[in-house]
Amino acid sequence: MSGNLDEEGWDRVSRRAAGPGKSDAILDIFTRHVAEKGYDGTSFSGVASELGISQGLIVHHYGTKARLLDALHLAYMRRRIDEAERIVSEFSTPTEQLTGLLYAAILYQVHDRNRTIAFQREVARFALQDENSEGRKLRRQYIGILHSLLEAGTAAGEFRPVDTSVRSLLIFGAAQWAWTWFEPEGRRSVEQVGAEFVDLTLGSLLVDRKSLQRLSDPDGQLVAAVIKIITAA
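Criteria and cut-off values
Residues numbered from 1 in each chain as written. Predicted model: local features only at pLDDT ≥ 70, side-chain atom pairs only at ≥ 80, totals over all residues. Heavy atoms only, no water. Phe/Tyr/Trp six-rings, centres within 6.5 Å; stacked < 30°, edge-to-face > 60°. Buried < 20%, exposed > 50% of the residue type's maximum accessible area, 1.4 Å probe, protein only. Lys NZ or Arg CZ within 6 Å of the ring centre and 35° of its normal. Helix = DSSP H or I, 4+ residues; strand = E, 2+ residues; numbered from the N terminus. Contact = heavy atoms within 4.5 Å. Axes fitted to C-alpha atoms, helices over the stretch in contact; angles between N-to-C directions. Left-handed = near helix turned anticlockwise from the far one by under 90°. Salt bridge = Lys/Arg side-chain N within 4 Å of Asp/Glu carboxyl O.

A. Highlighting the packing of aromatic side chains. Summed over the entire model, instances satisfying the criterion amount to four aromatic pairs. Measuring from ring centre to ring centre gives 6.4 Å for W181 and F182, while their planes differ by 75°; the resulting arrangement is edge-to-face. A relative accessible area of 48% means that W181 is categorised as partly exposed. For F182, a relative accessible area of 3% puts it in the buried group. Put simply, the rings of Y76, F119 and F126 touch in pairs and so form one group of aromatic residues. Taking the ring centre of Y39 as reference, the NZ or CZ of K65 above it sits at 4.2 Å. The ring of Y76 has R80 lying over it, and the distance from NZ or CZ to the ring centre is 4.5 Å.

B. Examining helix α7 (residues 113-121) more closely. Across the nine residues that make up α7, a large majority, eight, are buried. For α7, the full list of buried residues reads R113, N114, R115, T116, I117, A118, F119 and Q120.

C. Focus on the side chain of E83. Note that E83 resides in helix α5 (residues 65-90). Contact partners of E83, with chain neighbours within four places excluded, come to Y108, I229 and I230.

D. Spatial organisation of the packing of α5 against α7. Here α5 crosses α7 at 115°, and the two axes come no closer than 10 Å. The two elements α5 and α7 cross, and the hand of that crossing is left-handed. Touching L72, H73, Y76, M77, R79 and R80 of α5 are R115, T116, A118 and F119, all from α7.

E. Main features of the pattern of salt bridges. Counted by the stated rule, this structure contains 14 salt bridges. E50 is the partner of R32 in a salt bridge, and the nearest nitrogen-oxygen pair spans 2.0 Å. Of this pair, R32 sits in helix α2 (residues 22-37) while E50 sits in helix α3 (residues 44-51), and the two are 18 residues apart along the sequence. What makes E50 partly exposed here is its relative accessible area of 31%. Linked through salt bridges whose partners overlap, the residues forming this network are R79, R80, E83, D112 and R115.

Structure follows, in structure tokens:
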């Protein structure tokens, strides 16, 4: 389900707050508020008012605002890891697998926009978490997938030897700032921007660049397969 809901969609979310899915509805509205205003600008009173519930009900489900943010963080990273694993299993070579993850990192700006912006706005806050926190473990797991693909591509002779730890962090870090400049209604589509990310990253990695044009085709089969994976949920 996309992170972008129309007015009717948010009405359905609000109605869920009075039913069995109330905790999910609270998290959905909280996520949108964080995406729009940031964590510091988001309050239980604002979320409760929109949902037509008491602040006490939010406290009942999540305790504190910090715990609600943590729930947002964990749900987001678990979803991204699941999709990353699906993308890796979809393609046969490290080059195509990494290409899929690069496209996904930008496609989330449209296909899961509210959750993505909420996560990315607060990424510096998440970096302050304890080393053994579940959030830190999940981020390391995701970056570990990138690291493994870079190592596999190097071992297969597809990529130049590089510092895979640094490259993994650079790729992850670059994607986290897209919320500050990407415009869904801008002159370049999300697929085109994703293709630029692919061209920039793989252009610096590939030993043989003959496949780069195919991989960075915004209308190609590879990006279509990635969209199918990340919208399946």
